[in-house]
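Below are the chains, spelled out letter by letter.
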Amino acid sequence: MKTTTFLGAVAALVLGGTEAAAAAWDTCNGTPVKWYSGPVVYRNRCSIPDSGNVNTAYWNGLRQWDDLSHIVSGFNVNAATDCSLDHSDGQNEIGLCDRAAIDGNNGVTYSTVGLCFIGSNGIDEADICIASDLDFTPRIGSAFGTSGRSTFVHEAGHFFGFKHEGGHSILRTSPPHLVTGGYESSTLWPTNAQGMNTLYGYSVTKPNLLPSSMGVVGDVAQTLDPSGTVTVCRGTAQSVKFYVGNMGNAAVSSYTMRVRMSPTAPPNGYSESTTVVATFNHALGAFSEGTYSLGFTVPASLPFNTYYVYLDMDPAGVVDELKENDNTTVSAMTLRVGC
């Protein structure tokens, strides 16, 4: 047997060179090393209780991947008194652990596979350990930094057989992990989803539009507009930058996206529909993405105030998507209308 350890990155890790922006996995004689029969997952109830932020982070981490292809054959729970997370015991266990036990990493995935001789070779067991000192509360769309929720999604990618990759990806080697908007901002991105489609196939054919105020420039993750407040005057031309992607396996030939200014902070501001300052028609292929500078004019009658800038993709819900709760995000830049 062979064990592969995928380390979740330490925040201080410094990378050199350029990473490829594509899903990656190990192969055996030219065939992918993956799950060839549906794994059963065991939640470590001692560290991941039946409710609360850690529980929802656990479910989001798995379902961001498994909802695309439905590979997991069962979701089990170990006894609350079982506080050990064992490897090579025949159980695919997921739980929290002390950071010192995983050499200071945010998370670790231990995958056990057979030695590669003839033909294909699959994953026999995979266990995930997430550092217990992470913050597992949901993030707003412009929050930057390490998150327990995004670490769950990252390590779940390793669980399904994916290696680190660069670009706009949840499997970037080091934090920060990029987020979208909505009530659950820790998600997959098009290259991750395309890898899932290649290895396991989607269970349905649909698009999924999602925006972000973050992007990758020269393989450096950053907010596309600087975080902070910019003073602007009514009637002036402005612009805002957003990433948009389609993590679905179907193209969208035409959809609408709009820019809004609102004094309401996220997450409440996600559900608003007032003060639309620009509307655009756009198209996105399956698993495609791009970063755009969107121009608008500050309304001449807008009251003096500080405004959050939102992007809504398909605000009327015309496009039938895999998920409908990740179509809105907020810029890291706020605008102070004072003249």
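Residues numbered from 1 in each chain as written. Predicted model: local features only at pLDDT ≥ 70, side-chain atom pairs only at ≥ 80, totals over all residues. Heavy atoms only, no water.

The name an unreviewed UniProt entry assigns to the protein is CARDB domain-containing protein, from the organism Corallococcus macrosporus.

1. What about the overall build of the protein?
For the protein, the helix and strand inventory stands at three helices and 18 strands. What you see for the protein is a C-alpha radius of gyration of 21 Å, in line with the 20 Å of a compact globule of 339 residues. Considering only C-alpha atoms, the protein reaches an extent of 70 × 40 × 40 Å along its principal axes. For the protein, buried positions account for 53% of its 339 residues. In the protein, the proportion of contacts linking residues at least 24 apart, taken out of those at least 6 apart, comes to 77%. Counting every atom, the protein has about 13,400 Å² of accessible surface; 52% of that belongs to carbon and sulfur. Each charge sign in the protein was given a centre, from 17 positive and 29 negative side chains, and these centres are 8 Å apart. (Helix = DSSP H or I, 4+ residues; strand = E, 2+ residues; numbered from the N terminus. Rg over C-alpha atoms; globule rule 2.2 N^0.38 Å. Buried < 20%, exposed > 50% of the residue type's maximum accessible area, 1.4 Å probe, protein only. Contact = heavy atoms within 4.5 Å. Areas by Shrake-Rupley, 256 points an atom, 1.4 Å probe, with all protein chains shown as cover. Lys, Arg positive; Asp, Glu negative; His and termini not counted. Charge placed at Lys NZ, Arg CZ, Asp CG, Glu CD.)

2. Notes on the sheet that holds strand β13 (residues 237–246)
With antiparallel pairing, the three strands of this open sheet are ordered in space as β9-β13-β16. The outermost strands of the open sheet, each flanked by one partner alone, are β9 (209–212) and β16 (289–297). For this sheet the average axis-to-axis angle between neighbouring strands, irrespective of direction, equals 35°. Strand direction decides the pairing type here: β9 and β13, joined by four bridges, are antiparallel. Counterpart to Ser212 in the pairing with β13 is Tyr243. (Pairing = 2+ DSSP bridges. Axes fitted to C-alpha atoms, helices over the stretch in contact; angles between N-to-C directions.)

3. Describing the sheet that holds strand β15 (residues 276–284)
Ordered by their spatial adjacency, five strands build an open sheet running β12-β18-β17-β14-β15, and the pairing between neighbours is mixed. With one partner strand each, in any of the chains shown, β12 (228–232) and β15 form the two edges of the open sheet. Here the strands of the sheet are splayed against their neighbours by 25° on average, with no regard to which way each runs. Of the pairings in the sheet, the one linking β12 to strand β18 (residues 328–337) comprises five bridges and is parallel in character. Note on β18: the bridge partner recorded for Thr229 is Thr334.

4. Quick word on the environment of Leu171
Tracing the backbone shows Leu171 in the loop between α2 (148–159) and α3 (190–200). You can call Leu171 buried: its relative accessible area is 1%. Expressed as a C-alpha distance, the spacing of Leu171 and Gly157, which sit 14 residues apart in the sequence, is 7.1 Å. With near-sequence residues (within four places) excluded, Leu171 lies in contact with Trp65, His154, Gly157, His158, Phe162, Lys163, His164, Glu165 and Asn192.

5. Side note on the pattern of salt bridges
Using the criterion set out here, one finds ten salt bridges in the structure. Measuring nitrogen to oxygen at the nearest pair gives 3.0 Å for the salt bridge that ties Arg99 to Asp133. Here Arg99 is found in the loop between β6 (92–97) and β7 (107–113), whereas its partner Asp133 is found in the loop between β8 (123–131) and α2, with 34 residues between them in sequence. Note on Arg99: relative accessible area 22%, which makes it partly exposed. Taken together, the shared-partner salt bridges connect Arg43, Arg45 and Asp50 into one network. (Salt bridge = Lys/Arg side-chain N within 4 Å of Asp/Glu carboxyl O.)

6. Focus: the confidence of the model for the protein
Across the protein, the average pLDDT comes to 91, with 94% of residues at or above 70. For the stretch residues 6–20, pLDDT sits under 50, and the model shows 38 contacts to residues farther than four places along the chain or on other chains. (pLDDT = per-residue confidence, 0-100.)

7. Thoughts on a nonpolar patch on the surface
Together, Leu115, Phe117 and Ile118 line one region of the surface with nonpolar side chains, adding up to about 410 Å² of accessible area. Position of Ile118 relative to the elements: it lies in the loop between β7 and β8. By relative accessible area, which is 81% here, Ile118 ends up exposed. (Patch = residues over 30% accessible without salt bridge, like charges linked within 9 Å, V, L, I, M, F, W, Y side chains within 5 Å.)

8. As for the side chain of His282
On the secondary structure map, His282 appears in strand β15. In this structure the side chain of His282 is engaged in a polar contact, spanning 2.7 Å, whose partner is the side chain of Tyr255. Among the polar contacts listed, one links the side chain of His282 to the side chain of Tyr292, at a separation of 3.2 Å. Sequence-distant contacts of His282, defined by excluding residues within four places in its chain, comprise Val244, Ser253, Ser254, Tyr255, Met257 and Tyr292. (Polar contact = N/O pair within 3.5 Å; in protein donor to acceptor, adjacent residues only side chain to side chain.)

9. Focus: the nonpolar core
Ranked by size, the top nonpolar core spans 53 residues in total, and within it Trp35, Trp65, Ile94, Phe136, Phe152, Phe160 and Met196 carry the most contacts. Grouped together as the second largest cluster of nonpolar side chains are 25 residues, Val244, Phe296, Leu311 and Met333 included. (Core = buried A, V, L, I, M, F, W, Y, C linked by side-chain atoms within 4.5 Å.)

10. Description of the state of the cysteines
If you walk through the whole model with that rule in mind, you get four disulfides. Two residues share a disulfide in this structure: Cys46 and Cys83, whose sulfurs sit 2.0 Å from each other. The chirality of the disulfide connecting Cys46 with Cys83 is right-handed, given an S-S dihedral of about 85°. Of this pair, Cys46 sits in the loop between β4 (40–43) and α1 (53–69) while Cys83 sits in the loop between β5 (74–77) and β6, placing them 37 residues apart in sequence. (Disulfide = S-S within 2.5 Å.)

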